[in-house]
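Secondary and tertiary structure notes
These are the residues of each chain, in order.
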Amino acid sequence: QVLRKDVSWSYSAPSIPRSHWIGQGRDDEYADNMEWCLGRIKGDVKRIRNGEDEDFYCSCLDNEDTILHDDALLPHFKELADAIQ
């Protein structure tokens, strides 16, 4: 496992408003879960990029709720994958 520490880095994935999930017919609980999940992804990416933990556990992947496929999530998963490389 190789974690890359970037000196000049910023999280570039666009934010996804709560209205995105509600507009797709999802309920408030799903929207809450997605806000939590996206916050965890961003936090995990930041910790990896800043080299804060040598033995890192991606807490964003520890989610018991169902996350349905949505193309809006892809830039966030790309940020995570790029950070882990």
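An account of the accompanying structure is given in this report. Numbering of residues starts from 1 in every chain and runs along the sequence as written. Reporting of local features is limited, given that this is a predicted model, to residues whose pLDDT is at least 70; pairs of side-chain atoms are given and counted only at 80 or more, and all residues count toward the totals for whole chains, interfaces and linings. Computation of side-chain values covers all heavy atoms of the structure but excludes hydrogens and water.

Below, the discussion takes up the nonpolar core. To define a nonpolar core, start from buried Ala, Val, Leu, Ile, Met, Phe, Trp, Tyr and Cys residues and group those joined through side-chain atoms within 4.5 Å. Each residue is assigned to one of three classes by its accessible area relative to the maximum for its type, calculated with a 1.4 Å probe on protein chains only: buried under 20%, partly exposed between the two thresholds, exposed over 50%. Grouped together as the largest cluster of nonpolar side chains are 18 residues, with contacts concentrated most on Trp 21, Ile 41 and Leu 80. Only runs of H or I of at least four residues qualify as helices and only runs of E of at least two qualify as strands under DSSP, and these elements are numbered from the N terminus. If you list the elements that add at least two residues to this core, you get helix 2 (28-49) and helix 3 (74-84). Among the elements that make up this core, the one with the highest residue count is helix 2 (eight residues). Leave out the neighbours within four places in its chain, and Ile 41 touches Tyr 11, Cys 60, His 76, Phe 77 and Leu 80. Contacts are assigned to residue pairs that have any heavy atoms within 4.5 Å of one another.

Residues separated by three or four positions in an α-helix point in the same direction, a consequence of the helix having 3.6 residues per turn. Here the expected span of a helix is defined as 1.5 Å times the quantity of residues minus one. Between its first and last C-alpha, helix 2 extends 32 Å over 22 residues, near the 32 Å set by a 1.5 Å rise per residue. Among the residues of helix 2, Tyr 30, Ala 31, Asn 33, Met 34, Cys 37, Leu 38, Ile 41, Asp 44, Val 45, Ile 48 and Arg 49 are the ones counted as buried. One side of helix 2 carries all its buried residues, which in axial view fall inside an arc of 160°. Against the buried residues of helix 2 lie helix 1 (18-23) and helix 3. Here the arc refers to the directions that run from the helix axis out to each C-beta atom.

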